[in-house]
Amino acid sequence: MNRLLCGLAANPALPPELVDRLIALATAAPDPSDPADPSDYLADVLVWHLCERTDLGPAQVAALAALDEDTPARLARDGHLGADDVDPAVWPLAALALLDEGRGLPEWARRFAADPDPSLRWRLASCPGLPADVEDALAADPDPEVAAELALWTTSAPVADRLARHPHAEVRRAVAYNEAVPPAALAALLTGAGLPPARSCLVCDGREIPFIHDPHCPDADCDLPADAACDGTHGSTVHGTRQRALANPATPPEAVAAFAEHPSVLLRWAVAEHPGLPAEVYARLAGDPDPRVRASVARNPGSGPEVSRVPATDPEVEVRRAVAHHPRVPFDVLERLTSTTRLGPEPLPRISCATPEELAQGAASANPRVRMLVAHRHDLPPELRDRLAADPDASVAKAVAPHPGLSPERLRAMVALHGRQVLARVAANPDAPGDLLAELARHEPPVRRALREIASHSNATAEALLPCLGGGRSRVRAAAHPALPAAVVVGLLDDPDPEVVEAAAGNPSLPPAVMAQRVP
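This write-up is about the structure you can find in this document. Please read these numbers as outputs of a predicted model, since none were measured by experiment.

**Describing the nonpolar core**
Line of reasoning, step 1. Formed by 154 residues in total, the largest nonpolar core has its most connected members in Leu8, Leu22 and Leu124.
Line of reasoning, step 2. With seven residues, the single largest contributor to this core is helix H6 (residues 92–100).
Line of reasoning, step 3. In this structure, Cys201, Phe211, Leu224 and Ala228 belong to the second largest nonpolar core, which totals nine residues.

**Concerning the environment of Arg74**
Line of reasoning, step 1. Looking at where Arg74 falls in the secondary structure, it is placed in helix H5 (residues 71–77).
Line of reasoning, step 2. C-alpha of Arg74 to C-alpha of Cys51: the two residues are 23 residues apart in sequence and 6.6 Å apart in space.
Line of reasoning, step 3. Beyond its immediate chain neighbours, meaning those up to four positions away, Arg74 contacts Asp44, Val47, Trp48 and Cys51.

**Some words on helix H20 (residues 317–324)**
Line of reasoning, step 1. Of all the positions in H20, only Val319, Arg320, Ala322, Val323 and Ala324 are classed as buried.
Line of reasoning, step 2. In this fold, the buried residues of H20 make contact with helix H19 (291–299), helix H21 (331–337) and helix H22 (349–352).

**Here's the deal with helix H27 (residues 408–418)**
Line of reasoning, step 1. Turning to H27, its buried residues are Leu411, Met414, Val415 and His418. One side of H27 holds all its buried residues, which, seen down the axis, span an arc of 95°. Among the exposed residues of H27, those oriented more than 90 degrees off its buried face are Glu409, Ala416 and Leu417.
Line of reasoning, step 2. The secondary structure elements touched by the buried residues of H27 are helix H25 (382–389), helix H26 (394–400), helix H28 (420–427) and helix H29 (434–441).
Line of reasoning, step 3. One or two residues past the end of H27 sits Gly419, with phi positive at roughly 65°.

**Some words on the side chain of His481**
Line of reasoning, step 1. As for its placement among the helices and strands, His481 is situated in the loop between helix H32 (473–479) and helix H33 (486–492).
Line of reasoning, step 2. On the basis of relative accessibility, which here comes to 7%, the residue His481 falls in the buried class.
Line of reasoning, step 3. Apart from the residues lying within four places of it in its own chain, the contact partners of His481 are Ala455, Ser456, His457, Ser458, Ala460, Leu465 and Asn507.

Conventions used here
Residues numbered from 1 in each chain as written. Predicted model: local features only at pLDDT ≥ 70, side-chain atom pairs only at ≥ 80, totals over all residues. Heavy atoms only, no water. Core = buried A, V, L, I, M, F, W, Y, C linked by side-chain atoms within 4.5 Å. Buried < 20%, exposed > 50% of the residue type's maximum accessible area, 1.4 Å probe, protein only. Helix = DSSP H or I, 4+ residues; strand = E, 2+ residues; numbered from the N terminus. Contact = heavy atoms within 4.5 Å. Arc of directions from axis to C-beta.

Function-wise, these values are silent; they only describe arrangement.
Laid out in structure tokens, this is it:
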């Protein structure tokens, strides 16, 4: 695998004539006797990088499109081919890619809906904005997998309602996930009331019934799920249908609530994810014996803030962590959680939607973990941001350090106060100037995470980047940085690490003359 050529193909500064030479290599037939032949690699990964270029000319696009049936689809998705450039009979995958992006022609959809190849009809079924007659044809498709794909994606309530009554159980399982299905049809999928029985499923399509799948099935070609089973009633598929319908927000709450004490933990788990249930149902599920169910209730926005008080003392850490991700968890509950549960570095939903008054209250808390939660939010008012940047607790300062708008003086003061504890986060600040990044890069002993941040920082200077070449991920990132001196970049083309070679080859500061020497 020639990583250098891959990097050059992605290099935005690669001259057009060298792009032509790489395309010529890509179109050359691979030599099967030479596993190291660059053309063998170019036919896959290199072509992908070439298709992603934004500077391809018409002749270059045409040369790439002639490679195989997949490449025109890549070119279409990357904007190099439009509807006027594509013949669906010649490049069907490219035509389908354009339909999927809303740039295809309606007559293409009608053509593919009648195509004898079910894989093309299956791809068509997930495309948005299909004409009504095309959706009707796909809903009646003889291949249940095509109808099931449409069932997942259609936004037409009449079509979704019809698919909920489809004779194949797999189609019903797919449509149960779709929020366009009318509520009455979703309720019927849970109970079966008013629906004709399904006549088949993917299990009994290919197996004699009764059939129970061996979860340790030795057949390498078997594509049935581990729990597949059918005795004529399509048991595992019906169970999967209920699971999806219970979690579907469009399913009537009263129909969902009836399953809150079902013996199947998977169904109770799905019930716990539904956003519109009565408070007493959530309260009951909050005491469920399975922690997955309790965690789903704890983070469910529909469960209400008061329900979160029960799981906040749960013995399972994942349940308590889920409480913290409820968007309306009371602040006092959140404060108690900080002493029992690690809540992670990302801003919590409750903090993200907090009012200015609540943020100020949290920033003034005597509990540094609460102040840290507020500090993770990076759109704070300037006065609140600056107060947290001067916090005596390193965890608070660390959380606020990447906040945009902090002055270089405040960033330096944070480093002076907290040292290596905040170095990486200060280096991640988008406003950190080059001279500060150079100071951080020279810190002894080196802080690897800080070097990784510096190596990809837009303000990094050559002085800041050179210490990042010591090894690890920072070396790879620094090799791609356009501020790295050209002579250093050229030297990295022969690095023993292929990732470094690829990064250096993609560096726009690489001299064109050197690029030309390296392209066969």
